[in-house]
Amino acid sequence: MKTIINTKYVKNIFATGLMLFTAAGVVAQEDEEEKKISISGSVDAYYQTNLSASDATAQSFGSSFANELGFALGMANIVAAYEGEKTGVVADVVFGPRGEDAVGGYNLNQLYAYWNVSDGTTLTMGRFNTYLGYEVISPVGNFNYSTSYLFSSGPFSHVGLKADFALSDDFSLMLAIMNVTDTNNNLTGAYSAGAQLGYSGQYLNFYYDGGEALGFEVDYTGGFDLSEDFYLGINAAYADNDGAGFSGVALYPQYATSDDFSIGLRGEYFAVDLDTPGVDNPNVLGLTLTGSYSVENLTIKPEIRLDSWGSDVEPYFDADGAASKSLSSFLVAAVYSF
C-alpha cells in the first residue's frame, strides 16, 4: 500500500512547534531579564518607655531616631535595583519618622547608578549612604535598634561620585568627590572629598568637608570573630570642625546563644569639643543592651539603654522632675525585612 504524507499537516506541525519554541525562548528571555530586577525592603515599629523618668516629660537620648515614647513608627523602605551586565541602578525610597530624619524630606535614602568598569573597578554616581561609621540608617543593618552618638554626629548620606577599587583579595580602596554634607543643590561651588582603605573587613575612613567650616573626620570601623558564636565590632572616630568637633569610641560585643537568638552590648564613650575657653567639654557614657530574636523575616529586639553625661551637663529630668545627668529607657522593636 502506498503511504501518502499530508504535507500541509506536516507544515502545520512544524509551524506550531516553531511557534512554541519561539514563545518558550521569549518567556525564558523575559524571565532572565526579570531576574535582574530585585525588590527588597523593611518595615519597623517600636514601643518605648523611660525607666528613670516619667513618660509625661518629653525627653530622649541625644542620638538619632527611636526618640518617641509609647508606640511609635520607625520607617518603611523599598529598594528597587536593576543589574545589567556591567551597569545598574538602585532606588531606595523611605517613609516614616526614621526615614524623614535621615533624608531631610526627599523620601530618597539612596538613588544612584553604577558602572563596573572592570572586575576590580566600579564607579557610582548619585546619592549613597555614608561609608563612615559602624551603624547605618536602616535598622535591618544594625544589631542595636537605637543609634550611637558617633553615628548621629557624622553625615548620613552623600551626593557625588565615588570609585571603588578591589586592589587584591584583602585590600580595597574607595575615593570620592561629593557635595558638602547634607547638600543636594550645590549653590556655593564647595565640595567634599572622601577616601576609604579596607583590609580584611577593617576600614580606615577619611572625610574632608570643603564648606565654610572646613571640617574633617578620621574614622575606623571593623570587627573580629573571636569565636564561632562571639563577635566584637569596633568604631572609633575623631572630627574637627574649625576648632570644634567630637571624638569617641564604641565597642559592640555580640554573642549568639542559638540560631534564633543573640544578645549584644554597645558600650560608647563620646565627647564633644566646643572650643570654648573655660568650659569643660561635654562627654557621655552610653550602655545599650539588646536582644535579637528572629522568626522567619521578623526580628524582635528588646533593648535597655542607659546614658550618663559627665562634667556639669544635666540634659535630662528624673522621676521627680529635677535635672539629671542620666536617663534610662526600655524599648522593644519589631523589624520585618523582605
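The shown structure was predicted, so the numbers you read here are calculated from the model rather than taken from an experiment.

The rules behind these values
Residues numbered from 1 in each chain as written. Predicted model: local features only at pLDDT ≥ 70, side-chain atom pairs only at ≥ 80, totals over all residues. Heavy atoms only, no water. Helix = DSSP H or I, 4+ residues; strand = E, 2+ residues; numbered from the N terminus. Buried < 20%, exposed > 50% of the residue type's maximum accessible area, 1.4 Å probe, protein only. Contact = heavy atoms within 4.5 Å. Areas by Shrake-Rupley, 256 points an atom, 1.4 Å probe, with all protein chains shown as cover. Salt bridge = Lys/Arg side-chain N within 4 Å of Asp/Glu carboxyl O. Pairing = 2+ DSSP bridges. Core = buried A, V, L, I, M, F, W, Y, C linked by side-chain atoms within 4.5 Å. pLDDT = per-residue confidence, 0-100. Phe/Tyr/Trp six-rings, centres within 6.5 Å; stacked < 30°, edge-to-face > 60°. Lys NZ or Arg CZ within 6 Å of the ring centre and 35° of its normal. Patch = residues over 30% accessible without salt bridge, like charges linked within 9 Å, V, L, I, M, F, W, Y side chains within 5 Å. Polar contact = N/O pair within 3.5 Å; in protein donor to acceptor, adjacent residues only side chain to side chain.

Draft legend 1. Quick look at the overall build of the protein chain. Secondary structure assignment for the protein chain yields 3 helices and 18 strands. Relative to its 338 residues, the protein chain shows a buried fraction of 38%. Taking the intrachain contacts of the protein chain between residues at least 6 apart in sequence as the baseline, contacts between residues at least 24 apart amount to 51%. By element, 61% of the accessible surface of the protein chain is carried by carbon and sulfur atoms, the whole surface being about 18,600 Å².

Draft legend 2. The arrangement of the pattern of salt bridges in detail. Applying the stated criterion across every chain yields a total of 2 salt bridges. Between Glu-135 and Arg-266 there is a salt bridge; the shortest N-O distance is 3.0 Å. Taken as a pair, Glu-135 in the loop between strand E5 (121–129) and helix H3 (149–153) and Arg-266 in strand E13 (residues 261–273) lie far apart in primary sequence, 131 residues in all. Given the relative accessible area of 1%, Arg-266 is considered buried. Linking Arg-305 and Asp-307 is a salt bridge whose minimum nitrogen-to-oxygen distance equals 3.0 Å.

Draft legend 3. Structural view of the pairing of strand E8 (residues 191–199). The sheet contact formed by strand E7 (residues 171–179) and E8 spans 9 bridges and is antiparallel. Residue Ala-176 lies in a different strand from E8, and its bridge partner there is Gly-194. Two elements, E8 and strand E9 (residues 202–209), share 8 bridges in a ladder whose sense is antiparallel. Looking at E9, one finds that Gly-198 is bridged to Tyr-203. Connecting E8 to the antiparallel partner E9 that follows it, the hairpin turn spans 2 residues, and Ser-200 within it adopts a positive phi of roughly 50 degrees.

Draft legend 4. Inspection of the nonpolar core at higher detail. Counting 14 residues, the largest nonpolar core has Tyr-149, Leu-150, Phe-246, Phe-270 and Tyr-316 as the members making the most contacts within it. Contributions of two or more residues to this core are made by H3, strand E11 (230–241) and strand E12 (244–256). Take this core: its biggest share by element is 3 residues, from E12. Not counting the four nearest positions on each side in its chain, Phe-246 is found in contact with Leu-150, Ser-153, Glu-217, Ala-237, Tyr-238, Ala-239, Phe-270, Ala-271, Val-272 and Asp-273. With 11 residues, the next largest nonpolar core counts Val-90, Tyr-114, Tyr-131 and Leu-132 among its residues.

Draft legend 5. Here's a closer look at the confidence of the model for the protein chain. Taken as a whole, the protein chain shows an average pLDDT of 89; of its residues, 88% reach a score of 70 or greater. Within the model, the stretch residues 1–24 combines pLDDT values under 50 with 1 contact to residues more than four positions away or in other chains.

Draft legend 6. Here's a closer look at the environment of Pro-155. Within the secondary structure, Pro-155 is located in the loop between H3 and strand E6 (157–166). Once the C-alpha coordinates of Pro-155 and Asp-182 are considered, the two residues, 27 residues apart in sequence, prove to be 7.2 Å apart.

Draft legend 7. Molecular detail of the packing of aromatic side chains. Summed over the entire model, instances satisfying the criterion amount to 12 aromatic pairs. Ring plane angle 75 degrees and centroid distance 6.5 Å describe the contact between Phe-61 and Tyr-316, whose orientation is recorded as edge-to-face. In this pair, Phe-61 sits in the loop between strand E1 (37–50) and strand E2 (70–83) while Tyr-316 sits in strand E16 (residues 316–317), placing the two residues 255 residues apart along the sequence. Looking at Lys-162, its charged tip hangs above the ring of Phe-128, at a distance of 4.8 Å from the centre. Taking NZ or CZ as reference, Arg-305 lies 4.4 Å from the ring centre of Phe-61, over its face.

Draft legend 8. Geometry of a nonpolar patch on the surface. On the surface, a cluster of nonpolar side chains totalling about 1,000 Å² of accessible area is made up of Leu-51, Val-249, Leu-251, Tyr-255, Ile-263, Leu-265, Tyr-269, Leu-285, Leu-287, Leu-289, Ile-304 and Leu-306. Elements represented by at least two residues in the nonpolar patch include exactly E12, E13, strand E14 (283–295) and strand E15 (298–309). As for its placement among the helices and strands, Leu-287 is situated in strand E14. On the accessibility criterion, Leu-287 (38% relative accessible area) is partly exposed.

Draft legend 9. Expanded view of unusual backbone geometry. The phi dihedral of Ala-66 falls on the positive side, at around 45 degrees, and the residue is not glycine. Mapping Ala-66 onto the fold places it in the loop between E1 and E2.

Draft legend 10. Looking closely at the environment of Ser-152. Looking at where Ser-152 falls in the secondary structure, it is placed in helix H3. Residues Ser-152 and Gly-133, 19 residues apart in the sequence, show an inter-C-alpha distance of 9.6 Å. Residues in contact with Ser-152, not counting those within four places in the same chain, are Ser-63, Ser-64 and Thr-147. Within the local environment of Ser-152, its side chain forms a polar contact with the backbone nitrogen of Ser-64, the two atoms lying 2.8 Å apart.

Draft legend 11. Main features of the side chain of Gln-110. Relative to the helices and strands, Gln-110 resides in strand E4 (residues 108–118). Among the polar contacts made by the side chain of Gln-110, one reaches the main-chain amide nitrogen of Asn-129 at a distance of 3.0 Å. Ignoring anything within four residues of it in the chain, the contact list for Gln-110 reads Val-90, Ala-91, Asp-92, Arg-127, Phe-128 and Asn-129.

Draft legend 12. Region of the structure containing the pairing of E14. The pairing of E13 with E14 spans 11 bridges and is classified as antiparallel. For Leu-265, the partnering residue across the bridge sits in E14 and is Leu-289. One ladder, built from 10 bridges, connects E14 with E15; its direction is antiparallel. Of the residues in E15, the one forming a bridge with Val-295 is Leu-298. Counting the residues in the hairpin turn of E14 and E15 gives 2 residues, including Glu-296, whose phi is positive at 55 degrees.

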